[in-house]
Amino acid sequence: MHKSISDNGLSCKILEYVSPEIKMKKLSKKYMFYSSSLIALFTFIIFLISDFLITFFEPSFFSRLFIFLCSAILIGVILTVGISAFNPVLAEAMATLRRMLLIENLSNPLLMKLSGKAPGTYHHSLNVSALAQKAAKAIGADSLLVRTAAYYHDIGKLENPTLYIENQSGMEIPTAEDGESIKKNAKEIISHVENGIKIAQAYNLPEEIIDMIAEHHGTTKALYFYGKAKEKGLKIKRTDFKYPGPIPQSKESAILMLSDCVEATTRSMSNINSEQINDIVDKTIEERKIENQFKSSDLSEKELETIGKVLKENLRSIYHQRIEYKQK
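Since the model is a prediction, treat every value here as computed from it, not as a measurement.

Parameters and conventions
- Residues numbered from 1 in each chain as written.
- Predicted model: local features only at pLDDT ≥ 70, side-chain atom pairs only at ≥ 80, totals over all residues.
- Heavy atoms only, no water.
- Helix = DSSP H or I, 4+ residues; strand = E, 2+ residues; numbered from the N terminus.
- Buried < 20%, exposed > 50% of the residue type's maximum accessible area, 1.4 Å probe, protein only.
- Contact = heavy atoms within 4.5 Å.
- Areas by Shrake-Rupley, 256 points an atom, 1.4 Å probe, with all protein chains shown as cover.
- Arc of directions from axis to C-beta.
- Polar contact = N/O pair within 3.5 Å; in protein donor to acceptor, adjacent residues only side chain to side chain.
- Core = buried A, V, L, I, M, F, W, Y, C linked by side-chain atoms within 4.5 Å.

Caption draft 1: Structural context of the overall build of the chain. When helices and strands are tallied, the chain shows 11 helices and 0 strands. Reading the helices (α) and strands (β) of the chain from amino to carboxyl end gives α-α-α-α-α-α-α-α-α-α-α. Here the chain holds 328 residues, and 44% of them are scored as buried. Within the chain, residue pairs in contact and separated by at least 24 positions form 79% of the contacts whose partners lie at least 6 positions apart. With an accessible surface of roughly 18,100 Å², the chain has 58% of that area assigned to carbon and sulfur atoms.

See below:
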């Protein structure tokens, strides 16, 4: 779990989030079922006892009134105790829902800040969110959690928005010729994960979302700079270009990793077609498997296959205007 810290005077706070809404809904339904069943059982027993007393003893009119009064009091007590026992769970579920709605709302102050200072990153995050949500639904994962985490996964780029290509209006990221400058630039790019964790903590985002921010690159490499260094024949260490991790610890986190990578790669290409989209998705999944990024996520091969299929379909939908079709 991450400790809460302040970050550059960020003062806008989001209510603390306890657990995903879906888990709370399941818990609420479980308690409601048990509470209702117990109330119904005790009420039925009281009715049986009342009927037995009236039938067996054939009491007078006033005695019957007394039996009915006692039965009504007992039922009232049972209902009061049952409702009191269930009410905290219901109240917690409703509070969690309100918190989640506040966090996932696109008018949230942090997301508004992202859209203003880093518009390219903001639109990338929206696309990643759409992709990740559909992939999560397809395998029965928590689509609400992964959709919301996708909104915030790159908030660390608020520290230096123009350092990132999506916020540069097509300009190339400047890279010097020497190895030290390349490593420095790579370190700055990689730092958006750590910066994102700090900002998320300052805004009191849920621990689940903070964890996914930390894991969305896993321990992969900053390939642009790693490739530049290899291209120039510079003496480097592979660890100089690695994200700190950890690797994804859940299916939702792994889905976010894949959605982020394929969307960014697809967005960077011009005149992209369906075959290229398929290749990007297949290559991304295979590379992450080789790098053991999924070993802690509990994703099965079948689920990965389903995720890949969904990502391909939805990337084609997002970039349909740019796809070139073969002329007959």
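Caption draft 2: Structural view of unusual backbone geometry. Note the cis peptide between Gly245 and Pro246, where omega equals 10°. Among the secondary structure elements, Pro246 is positioned in the loop between helix 8 (223–231) and helix 9 (251–267). Positive phi values are uncommon outside glycine, yet Asn204 reaches one of about 55°. Among the residues examined, Asn204 registers a relative accessible area of 27% and is labelled partly exposed. If you check the backbone angles, Asn271 has positive phi at about 50° while not being a glycine. Relative to the helices and strands, Asn271 is located in the loop between helix 9 and helix 10 (274–290). Taking relative accessible area as the criterion, Asn271 reaches 48% and is therefore assigned partly exposed.

Caption draft 3: Just helix 3 (residues 109–117), in detail. Listed in full, the buried residues belonging to helix 3 are Leu110, Leu111 and Leu114. End-on view of helix 3: buried residues confined to an arc of 95°, all on one side of the axis. Sitting at the amino-terminal end of helix 3 is Asn108, which places a side-chain oxygen 2.9 Å from the backbone nitrogen of Leu110.

Caption draft 4: Layout of the nonpolar core. Leu110, Tyr152, Ile155, Leu205, Ile209, Ile255 and Ile307 are the most contacted members of the largest nonpolar core, which totals 64 residues. Among the elements that make up this core, the one with the highest residue count is helix 6 (residues 179–202) (9 residues). What Ile209 contacts, discounting residues up to four positions off in sequence, is Ile103, Leu145, Thr148, Ala149 and Tyr152.

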